[in-house]
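An overview of the molecular structure
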Amino acid sequence: MAQLQVENITLTFGGLAALSGVSLEVERGELVSVIGPNGAGKTSLLNCISGFYHPQRGRILFEGHDLTRATPHEVTRKGIARAFQNIELFSGLTVLENLLLARHTHLRYGLFGAGLFYGRALKEEVENRKAVEEVIDFMELEAYRKAPVGNLPYGVRKRVEVARALALSPKLLLLDEPMAGMTLEEKEDMVRFILEIRARGTTVVLIEHDLGVVMDISDRIYVLDFGQVIAEGAPEAVAKNPRVQEAYLGVEA
Ligand SMILES: Nc1ncnc2c1ncn2[C@@H]1O[C@H](COP(=O)(O)OP(=O)(O)OP(=O)(O)O)[C@@H](O)[C@H]1O
């Protein structure tokens, strides 16, 4: 059974179908990209998987758990974390504080438990610190750990946004245009990080407009157009698909 199973989901907004009958399967450890023209439904799909939107039809299963109606918080606790297109960080807090806060908000046992079991809370805090420091090290953010996020250059903030998601120790990482607006050098760094994240066994679902990057690094690609999957497969096959060329690249088939 695939780790993530999106089964035939439909999501409408006042009569307009953002997604109609979309199915997608992602195996554990895979790097799967979702591409498609503007408005194709890519972000809506990610919003459904991460619990921000609930499809009117269909099912979303993660490791066998039905997440179709789950809240974003429940989805995170099941092991899915998301880095947002529009960076979702607290600009007045440092990199370290943002990462710790993400863990505290989503992963802690709760105040009641912490009060009753002081030892456990302390152990949890040590684990939080360790996990966050490890992510800072991994994402090469050491030089910025005490810097308020608002003062950092855009490219570094994008990297912190991915680090915030990684701080949740996810089994599945959802990346919504992590390279948008980056310089070539920053993109190359981000590609390296994504490949290393996958190499460590984390499943990655990536939305990305840079086709060159997508073709280079994806195990498989899903192509959306007008809220439907019009192609799926290995990068070479997808690139050759006439429907994709027509829809995505604006080339006559
Ligand atoms: N909250 C919403 N309310 C109404 N319509 C929405 C909402 N979110 C998305 N849509 C509509 O759903 C469709 C798909 O949008 P979506 O943002 O998922 O596309 P996308 O493929 O991510 O596009 P882009 O590449 O521009 O980010 C669009 O027609 C959009 O206007």
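What you are looking at is a predicted structure, and each value in this text was computed from that prediction instead of being measured.

Moving on, we come to the sheet that holds strand S6 (residues 80-83). Ordered in space as S6-S7-S8-S3-S9-S10, the six strands form an open sheet in which the pairing is mixed. Pairing within the sheet leaves two strands with one partner each, and these edge strands are S6 and strand S10 (228-233). Each strand of the sheet is rotated relative to its neighbour by a mean of 20°, with strand direction disregarded. Here four bridges tie S6 to strand S7 (residues 172-176), and the two strands are oriented parallel to one another. Of the residues in S7, the one forming a bridge with Ala-81 is Leu-173. With respect to the sheet, helix H1 (residues 42-49) is in contact with strand S3 (31-35), S6, S7, strand S8 (203-207) and strand S9 (220-225), its orientation differing from that of S7 by roughly 150°. Running over the sheet, helix H6 (residues 154-166) touches S6 and S7 and is turned about 170° from S6.

We now examine the domain arrangement of the protein chain. Domain parsing of the protein chain yields domain 1 (4-79 + 170-249) and domain 2 (92-154). Measuring from the centre of the C-alpha atoms in domain 1 to the corresponding centre in domain 2 gives 27 Å.

Criteria and cut-off values
- Residues numbered from 1 in each chain as written.
- Predicted model: local features only at pLDDT ≥ 70, side-chain atom pairs only at ≥ 80, totals over all residues.
- Pairing = 2+ DSSP bridges.
- Helix = DSSP H or I, 4+ residues; strand = E, 2+ residues; numbered from the N terminus.
- Axes fitted to C-alpha atoms, helices over the stretch in contact; angles between N-to-C directions.
- Contact = placed C-beta atoms within 7 Å.
- Domains from an automatic or database assignment.

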